[in-house]
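Chain and residue survey
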Amino acid sequence: MSDPTTLVILGASGDLTSRLLLPGLASLLAVEPDRRVHVVGVDRAELDDAGWRAKVTEAFTGAGVPEDAAAEVAADARYVQADLLEQEQLAGLLDGLGGPLVLYFALPPQVSQKVCGLLERLELPEDTRLALEKPFGHELESAQELNVQLLKLVPEDRIHRVDHFLGVNTILNLIGIRFANRLLQPMWSAEHIERVVISYDETLALEGRAGYYDGAGALVDMIQSHLLQILAFFAMEAPASLDEVEVRSVKAQVLRATRVWGEDPTTASRRARYTAGRSEDRDVPSYVDEEGVDPANDTETLAEVVLEVANARWAGVPFVLRSGKALREPAKQVVVTFRPPRHVPTGLKDCTEPDQLILELKPGAVDVVLSMNAEGDPFELEQKVIRAELGKSRMLPYGEVLAGILDGDPLLSIRGDVAEDCWRIVDPVLAAWRAGSVPMQDYPAGSDGPDGWGVVPPRS
Ligand code: NDP
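Quick caveat: nothing in here was measured; it's all calculated off a predicted structure. (Residues numbered from 1 in each chain as written. Predicted model: local features only at pLDDT ≥ 70, side-chain atom pairs only at ≥ 80, totals over all residues.)

**Digging into the packing of helix H1 (residues 15-31) against helix H2 (residues 49-60)**
Heads up, the rule is: Here an axis means a line fitted to C-alpha atoms, over the contact stretch when the element is a helix, while the angle between two N-to-C directions is reported on a 0 to 180 degree scale. To qualify as a helix, a DSSP run of H or I must reach at least 4 residues; to qualify as a strand, a run of E must reach at least 2; elements of each kind are numbered from the N terminus. The labels follow the angle: roughly parallel below 35 degrees, roughly antiparallel above 145, roughly perpendicular from 65 to 115, and oblique for the rest. Less than a right angle of anticlockwise turn of the near helix away from the far helix marks a crossing as left-handed, whereas a clockwise turn marks it as right-handed. It is the C-beta atoms, placed from the backbone, that decide contacts: two residues are in contact if theirs lie within 7 Å.
It is the contact of H1 with H2, at a shortest axis distance of 8 Å, that shows an interaxial angle of 60°. Between H1 and H2, the angle is such that the two are oblique. For the pair H1 and H2, the sense of crossing is right-handed. In this structure, H1 uses Leu22, Pro23 and Ala26 to contact H2, whose residues at the interface are Lys55, Val56, Ala59 and Phe60.

Next comes the structure, spelled out in structure tokens:
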């Protein structure tokens, strides 16, 4: 049996660890109980081994991890109370740890970066991997600096920049549906596709997350990271295999060709913020009155950007990326609108609506919307939906991503050049917004957004 992988969670008392990382690990071990992992929690919070083991066990309880596997992992788990910004304490932590070793940075981003600086002076065990959470920098320049710093520690294929959207089965389904179906392959270009809308609209409002969200906003929180990853899967060329070099290279290629539509963020982007209203059957205060929000940050809760993938396959097709909070309807989907047929036989009625393919991300489903016979007159058409529900995923998205990290396979991790490119794409929008060139609009919580925006994407 191979050596267990040591997973060192830096920031073990934080929100990410308890809400996403430990449940993700539990869901992985429920599917793969033979996987051997030694979980070390590190944080400055006061806790001992017993307390940490109880926390790990709690995550496993109810997640379906077989009892003996859960007991084995929990018994082996260890907690280290340390201030990671103290060089000696950091050195002490690494003492005696061998590879394969994963240092998972579940720390505030500025702390992670400082810890990386301190790690430069220490010798890392053979086969150390680094796992980092977004944000990877806060614009292109800082993302580049972070990458330079990380590469001083380990080579690129041992750096796992985590975006849990890459572990979502309905997003990974894009690869299968695109490349394993002869029906769709020839249709996947500007010749047949008129526009693509990738949206992630939520009905939830801020839900007490001001501390993080008020400094990010919808553009950085969702579009700069998750939605650009979906765009990459949607628009990339076919990889020869599902090998990390292949897949990450074609993703990088398509993002390198992506830019703001017309290179003019003033016409290709919109932003808005919710005012008081009702959402999810609850009264929602105006965003600026939410606890912890600083109105001076001028943070948007709804963002929309139109992009172009300027290459031979996609030039001329608008890709609309949109995400917002406190909206009336959840819309987490990719809507592909096809161009109309070149000619429709004279005499056919009511077939002016375009064909669409709708990939629902949550819950997972695929809808094909086509014009077909209506009842009665065989030449009178209406739009009908052919629907397939997608199967449930085998584990949580964080479980899928962690599996790759523990195996040393960066297929589902963001490569450094891609992390930079995502900032290169949105930086002009951020600059235009900061300069006040794009007005901040408002919409009542629980509505479809500001007047005139319409429901994006339009549903037939
Ligand atoms: P938290 O602030 O909840 O957790 C960070 C933890 O690190 C805290 O327990 C904190 O202790 C500890 N810590 C801070 N400084 C040190 C130090 N010098 N030495 C030891 N421990 C320290 O943050 P989150 O868990 O929310 O976020 C962690 C990372 O994950 C961030 O990069 C965030 O952007 C990212 N992320 C978070 C998501 C979430 O839903 N929470 C979602 C996606 C990404 P203390 O409380 O004492 O400061």
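What follows picks up the thread again.
**A few points about helix H13 (residues 416-434)**
The test is simple: To estimate the expected span of a helix, count its residues, drop one, and scale the result by 1.5 Å. Values of bend correspond, residue by residue, to the angle between axes fitted over the seven residues ending at that residue and the seven starting there. We call a residue exposed when 12 or fewer other C-beta atoms sit within 10 Å of its C-beta, buried when the count reaches 20 or more, and partly exposed for counts in between; the C-beta positions come from the backbone.
Between the first and last C-alpha of H13 there are 26 Å, a value that for 19 residues agrees with the 27 Å anticipated at 1.5 Å per step. Its axis deflected by about 40° at Val426, H13 carries its strongest bend there, up to four residues before the proline Pro428. Within H13 the residues assigned to the buried category are Gly416, Val418, Ala419, Glu420, Asp421, Cys422, Trp423, Ile425, Val426, Val429 and Trp433.

**Remarks on the UniProt feature "domain: Glucose-6-phosphate dehydrogenase NAD-binding" (unreviewed entry) in the chain**
Our working definition: UniProt positions are given in the numbering used here, feature names are shortened, and annotations may be inferred rather than shown by experiment.
In this numbering, the UniProt entry assigns the feature "domain: Glucose-6-phosphate dehydrogenase NAD-binding" (unreviewed entry) to residues 8-173. Each end of residues 8-173 is marked by a C-alpha atom, and these two atoms are 31 Å apart; helix forms 45% of the span and strand 17%.

**Thoughts on the UniProt feature "domain: Glucose-6-phosphate dehydrogenase C-terminal" (unreviewed entry) in the chain**
Within this structure's numbering, the places UniProt gives as "domain: Glucose-6-phosphate dehydrogenase C-terminal" (unreviewed entry) are residues 177-451. Helix makes up 27% of residues 177-451 and strand 28%. Its end C-alpha atoms lie 35 Å apart.

**Structural notes on the packing of helix H10 (residues 244-256) against H13**
Rules: Each residue is assigned to one of three groups, with Ala, Val, Leu, Ile, Met, Phe, Trp, Tyr, Cys and Pro labelled nonpolar, Asp, Glu, Lys and Arg labelled charged, and all others, Gly among them, labelled polar.
In the contact formed by H10 and H13, the axes pass within 10 Å of each other and the chain directions differ by 20°. Judged by the angle between their axes, H10 and H13 are roughly parallel. Crossing handedness for the pair H10 and H13: left-handed. Contacts between H10 and H13 involve Lys251, Ala252, Leu255 and Arg256 from the former and Asp417, Val418, Asp421 and Cys422 from the latter. Taken together, the residues of the contact of H10 with H13 sort by class into four nonpolar, no polar and four charged.

**Examining unusual backbone geometry**
A cis geometry characterises the amide bond from Lys134 onward to Pro135, with omega recorded as 5°. The linkage connecting Lys362 with the following residue, Pro363, adopts the cis geometry, with an omega of -5°. Examined against the element boundaries, Pro363 turns out to sit in the loop between strand E15 (356-361) and strand E16 (364-373). Its identity is not glycine, yet Asp127 carries a phi of approximately 55°, on the positive side. Structurally, Asp127 can be placed in the loop between helix H5 (109-119) and strand E5 (128-133). Located in the positive-phi region is Ala326, a residue other than glycine, with phi close to 55°. Secondary-structure assignment places Ala326 in the loop between strand E13 (319-324) and strand E14 (331-338).

**Digging into the site of the ligand**
We count it as follows: We call a residue near a molecule or strand when the C-beta position, derived from backbone atoms, sits within 6 Å of it.
In the vicinity of the ligand, 19 residues are found, and the nearest of them are Gly11, Gly14, Asp15, Leu16 and Glu133. Elements represented by at least two residues in the shell around the ligand include exactly H1 and H5. The element best represented in the shell around the ligand is H1, accounting for three residues. Each residue belonging to the shell around the ligand can be placed in one class, and the counts come to nine nonpolar, three polar and seven charged.

**A short note on the nonpolar core**
Note the cut-off: A set of buried Ala, Val, Leu, Ile, Met, Phe, Trp, Tyr and Cys residues, joined to one another through C-beta atoms within 7 Å, is what we call a nonpolar core. The split into domains, and so the bounds of each, comes from an automatic or database assignment of domains.
Counting 118 residues, the largest nonpolar core has Val8, Ile9, Leu10, Tyr104, Ile223 and Leu231 as its most contacted members. Sort the elements by how many residues they give to this core and helix H9 (residues 217-235) lands first, with 13 residues. Both domain 1 (5-162) and domain 2 (168-394 + 414-444) contribute no fewer than three residues apiece to this core. Sequence-distant contacts of Leu10, defined by excluding residues within four places in its chain, comprise Val42, Leu84, Leu103, Tyr104, Phe105, Ala106, Leu107 and Val115.

**What about the environment of Thr258?**
Residue position: Thr258 is located in strand E8 (residues 258-260). The spatial distance from the C-alpha of Thr258 to the C-alpha of Leu231 is 9.6 Å, given a sequence separation of 27 residues. Excluding residues that lie within four positions of it along the chain, Thr258 makes contacts with Leu231, Leu307, Val309 and Ile425.

**Here's the deal with the domain arrangement of the chain**
Interfaces are often described in size by the accessible area the parts lose on coming together. According to the domain assignment, the chain consists of domain 1 (5-162) and domain 2 (168-394 + 414-444). Measuring from the centre of the C-alpha atoms in domain 1 to the corresponding centre in domain 2 gives 32 Å. Listed per partner, the contact involves 13 residues of domain 1 and 12 residues of domain 2. Within the residue set of the side of domain 1 that touches domain 2, elements represented by two or more residues are helix H6 (140-151) and strand E6 (159-162). Element by element, the count of residues in the side of domain 1 that touches domain 2 is highest for H6, at four residues. Its residues placed into classes, the side of domain 1 that touches domain 2 shows six nonpolar, three polar and four charged.

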